[in-house]
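Structural features, examined
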Amino acid sequence: MGLENFFNPQSVAIVGASRQKGKVGYEILTNMLAAGYKGKIFPVNPKAQTIEGLKCYPDLESIGEPCDLVIVIVPAKIVPTVMRQCAKVRTKSAIIITAGFKEVGKEGRELEKQVIQIARQSGIRVIGPNCLGVIVPANRLNASFGGDLPAIGATGYLSQSGALLAAILDMANANSIGFSKLVSIGNKADVNELDIIKALGSDPDTRVIAGYLESISDGDAFVREAEKISNYKPILLMKSGGTTAGAKAASSHTGSLAGGETAYEAAFERAGIIRCDSIKYQFDFSQAFANQPLPKGPCVAVITNAGGPGIMTADAIERQGLDFAKLTDKTISKLAEALPPAANLYNPVDILGDALADRYEFALNVVLDDPNVNTALMLLTPQAMTESAATAEAVVKIARQKPEKPILACFLGAAKVADAIKILREGKIPQYDSPENAVTTVKVMVDYVRWRSRPKRVVKLFPVNRRKVETIVDRHLRQGIREIGETESKEILEAYGFVTPRGSIAATAEQAANIAQQLGYPVVLKIWSPDILHKSDVGGVKVGLNSTQEIMDAFDLMMYRIPKKLPNANILGVLVQEMCKSGKEVILGMNRDPHFGPLMMFGMGGIMVEVLKDVSFHLAPLTAAEAKQMLVNTKTYKILKGVRGEEGVDIEAIAEGLQRLSQLVTEFPQIKELDINPYMVGPEGSTPIAVDARISVEQV
Ligand code: ADP
Ligand code: MG
């Protein structure tokens, strides 16, 4: 069943309605009344005859007719009883405002379970518990204790924090910012963020979805749904409180670098969700998305009555990587016709300090007609002659006449521009308190448009030896071994098309020397023990050995030193490995996030990965473009391309490695963590080598 009854109920019962001012049961009832709700309201309270002039009922049954929506405010212990009553009178939707459930511990969790069990059995959808309620301005529904009914707008808001929603509401009301719907999801025992974004996604009154989340219940489904919605409606989310569960248990480089937050970032990117770092930014962005058309390109034109703010804006445009619109000759000569000679006709168009509203109107009109302009930014500083309110009215008027291009305003000041700002807001012109914030907003819009027009995701499938990997993985799981040893890790990688160095295990120095003879010098000696994860840390890697003597010495030294450092490690011998041609060392990795699945990592490799942390992430499966982008997103990329006359490496080969790895971890959900470090890469045309690898598996 949909959520229609929550948003547009014909009748509402308030169980726990109160006569006592300051109590939630009183606030909700009076909020409902003050909002001018058109349906029927039934207060339920066995101790009262009437509240606020409305007839009061002792329980739901005695109302004698069904209610579309029941708001529950009674103490937590009584909520199950009320839910049973809801079932009896066949109510299908309940908002449980009451707190004291999952959020307070074990007892509360049990109670919540009980409530949800009743709801599921009787097909009742529940918002909450522990929430602020639901607000739908267009239906004059204020089923909340959050504050006054806000204006009607095009932003649909969901919040996991009721308190934050109350603050947002207060700010919005003070700034004439409107909403289509506001939902406080509380403990999200039944209706969760996925249900709400689905509902807002298909809601014709909602042009932009905004919200605050602390956690996501079903990461996979959320990402899929959000990606679908983002294709036609922007989603702006604030997210706090990263999960560290994944990071804690990690034994790989990727695992230790990929905290919960990283997975969220990657998931948001995949889904096209615009992440907002503050309430301020969320307001800034949502105003533009809700009220203005999307820009067709990155070119911004600025109209200003002062030089300083114009330059600040120009700086911000450059910093954000946007373009300054190059006005056509036609535009410039048109501007020249009517602007004073001292005006600057080029972008930023400076119409001078004595500009009245009509000059602004003229300039904006001309600039909007220019085909090179995608977005117009109106700057105003309140100078002696400035008509800020009349200018705001002119901007609103032109925006209505020319609705094809976004117009953003930045009227700087406070008291002198207060009236103007109100006119702008009510006229659906987003207003910013600094040029930087306006420009950042344009950038976010341009990026969103780019995301929307991205090419269709096509994931390439490589021919691989899946059976081979299956055999190795299954055997480990059967034997309860989580870490796959170096040899078999390499077999797995080879089955997916990776090349690994030749080498064998030796138990004695003589054996090591013999293997080296067969491999050919130089060789590398590495300590061989299932208990040593990072060999270099204990002096367990010696590269560039060129003779029997050097091998003997290195062997003896390792066998002398390492047991001293790690007396409990089971040392089986050494691995004698061919020495790879020197190249650049990068890391390819994966850590499976508990919420969002396989999170791929690329970065600067070698033994300093954790120190330098120059890594980037993306959710698997990867397309060729996404793999390439992971490279581009690191600083290492510039080095890989070749700096200061140094030859670059084969970028495409690395991107292919990431895609092959992405295929491996997609086809084997049992693989929990994986690192190839280093992945030794050379110049174009050379084959990268997976020098060192670690794979761990888990039953799924
Ligand atoms: P660990 O990561 O456990 O310390 P590695 O096998 O990754 O051990 O080796 C550490 C470093 O030694 C690598 O980053 C690389 O610089 C170098 N190295 C290891 N094996 C080779 C090899 N076969 N050829 C060239 N360099 C190597
Ligand atoms: Mg290594």
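The following refers to the structure shown. (Residues numbered from 1 in each chain as written. Chains lettered and ligands numbered in written order. Predicted model: local features only at pLDDT ≥ 70, side-chain atom pairs only at ≥ 80, totals over all residues. Heavy atoms only, no water.)

For the rest of this paragraph, the subject is the pairing of strand S26 (residues 597–604). Taken across its eight residues, S26 has seven buried, putting it largely inside the fold. Pairing geometry for strand S25 (residues 584–593) and S26, over eight bridges, is antiparallel. Residue Met590 lies in a different strand from S26, and its bridge partner there is Met600. Following S25, the chain reverses through three residues before pairing antiparallel with S26. (Buried < 20%, exposed > 50% of the residue type's maximum accessible area, 1.4 Å probe, protein only. Helix = DSSP H or I, 4+ residues; strand = E, 2+ residues; numbered from the N terminus. Pairing = 2+ DSSP bridges.)

Attention now goes to the site of ligand 1. Around ligand 1, 20 residues are found, and the nearest of them are Lys526, Lys535, Ser536, Glu585 and Asp692. Between Lys535 and ligand 1, the recorded distance is 2.7 Å, taken from a backbone N or O atom to an oxygen atom. Asn677 places a main-chain nitrogen or oxygen 3.3 Å from an oxygen atom of ligand 1. In the complex, 90% of the free accessible area of ligand 1, which totals 540 Å², lies under the protein chains. Of all the elements in the fold, those that place two or more residues in the shell around ligand 1 are strand S22 (523–528), strand S23 (541–545), strand S24 (573–578) and strand S28 (671–681). Ranked by the residues each element gives to the shell around ligand 1, the list is headed by S28, at three residues. No fewer than three residues from each of domain 3 (502–578) and domain 4 (584–697) sit in the shell around ligand 1. (Near = heavy atom within 4 Å. Polar contact = N/O pair within 3.5 Å; in protein donor to acceptor, adjacent residues only side chain to side chain. Areas by Shrake-Rupley, 256 points an atom, 1.4 Å probe, with all protein chains shown as cover. Domains from an automatic or database assignment.)

A separate point is the packing of aromatic side chains. With the rule as written, the count across this model stands at eight aromatic pairs. Seen in terms of ring centroids, Tyr264 and Phe596 are 4.9 Å apart; in terms of plane orientation they differ by 80°. Their pairing is edge-to-face. Highlighted residues: Tyr264 in helix H10 (residues 260–271) and Phe596 in the loop between S25 and S26, separated in sequence by 332 residues. No difference in accessibility class separates Tyr264 from Phe596, as the two residues are buried. Relative to Tyr679, the ring of Phe498 lies with its centre 5.8 Å away and its plane at 70°, an arrangement referred to as edge-to-face. With Phe498 in the loop between helix H19 (486–495) and strand S21 (503–506) and Tyr679 in strand S28, this residue pair connects regions lying 181 residues apart in the sequence. (Phe/Tyr/Trp six-rings, centres within 6.5 Å; stacked < 30°, edge-to-face > 60°.)

Bringing the side chain of Lys405 into the picture now. With respect to the secondary-structure elements, Lys405 resides in the loop between helix H15 (388–401) and strand S19 (407–411). One buried charged residue, Lys405, forms no salt bridge at all, with the nearest opposite charge on Asp370 at 6.2 Å. Of the polar contacts made by the side chain of Lys405, one reaches the backbone oxygen of Leu368; its length is 2.8 Å. A distance of 2.8 Å separates the side chain of Lys405 from the backbone oxygen of Asp370, its partner in a polar contact. The contact partners of Lys405, leaving out residues within four places of it in the chain, are Gln292, Pro293, Leu368, Asp369, Asp370, Pro371, Val373 and Asn374. (Lys, Arg positive; Asp, Glu negative; His and termini not counted. Salt bridge = Lys/Arg side-chain N within 4 Å of Asp/Glu carboxyl O. Contact = heavy atoms within 4.5 Å.)

Take the environment of Phe602 next. On the secondary structure map, Phe602 appears in strand S26. Separated by 53 residues in the primary sequence, Phe602 and Ala655 have C-alpha atoms spaced 9.4 Å apart. If we skip the residues at most four places from it in the chain, Phe602 touches Val586, Ile587, Leu588, Asp614, Val615, Ser616, Met630, Leu631, Thr634, Leu640, Ile654 and Leu658.

Our next topic: the coordination of the magnesium ion (ligand 2). Of the protein atoms, only Asn677 (O) and Asp692 (OD) coordinate the magnesium ion (ligand 2), at distances of 2.3 Å. Of this pair, Asn677 sits in strand S28 while Asp692 sits in the loop between strand S29 (689–690) and strand S30 (693–697); the two residues are 15 residues apart in sequence, bridging distant segments of the chain. Residue classification places Asp692 among the buried residues on the basis of a relative accessible area of 15%. (Donors = N, O, S within 2.8 Å, 3.2 Å for Na, K, Ca; no water.)

Gly128 connects to Pro129 through a cis peptide bond whose omega is -5°. Mapped onto the fold, Pro129 is located in the loop between strand S7 (125–127) and strand S8 (133–136). Positive phi outside glycine occurs at Asn130, with the angle close to 60°. For Asn130, the position within the fold is in the loop between S7 and S8. Of note, the phi angle at Leu352 is positive, near 80°, even though the residue is not glycine. Looking at where Leu352 falls in the secondary structure, it is placed in the loop between strand S17 (349–350) and helix H14 (357–369).

Contact geometry for helix H11 (residues 279–291) and helix H17 (residues 435–452): axes closest at 10 Å, N-to-C directions at 60°. When the axes of H11 and H17 are compared, the pair comes out oblique. As for the relative orientation of H11 and H17, their crossing is right-handed in sense. Here H11 contributes Lys280, Tyr281, Asp284, Phe285, Ala288 and Phe289 to the contact with H17, which in turn contributes Asn437, Thr440, Thr441, Val444, Met445 and Tyr448. Residue composition of the contact of H11 with H17, by class: seven nonpolar, three polar and two charged. (Axes fitted to C-alpha atoms, helices over the stretch in contact; angles between N-to-C directions. Parallel < 35°, antiparallel > 145°, perpendicular 65-115°, else oblique. Left-handed = near helix turned anticlockwise from the far one by under 90°. Nonpolar A, V, L, I, M, F, W, Y, C, P; charged D, E, K, R; others polar.)

Okay, the sheet that holds strand S5 (residues 69–72) next. Pairing within the open sheet is parallel, and its five strands lie in the order S2-S1-S5-S6-S7. The two strands at the open ends of the sheet, each matched to only one other strand, are strand S2 (40–44) and S7. Here the strands of the sheet are splayed against their neighbours by 20° on average, with no regard to which way each runs. Bridge count for strand S6 (residues 93–96) against S7 is three bridges, and the pairing is parallel. Opposite Ala94, over in S7, you have Val126 as the bridge partner.

The quantities given are spatial measurements derived from coordinates; they are silent on function.
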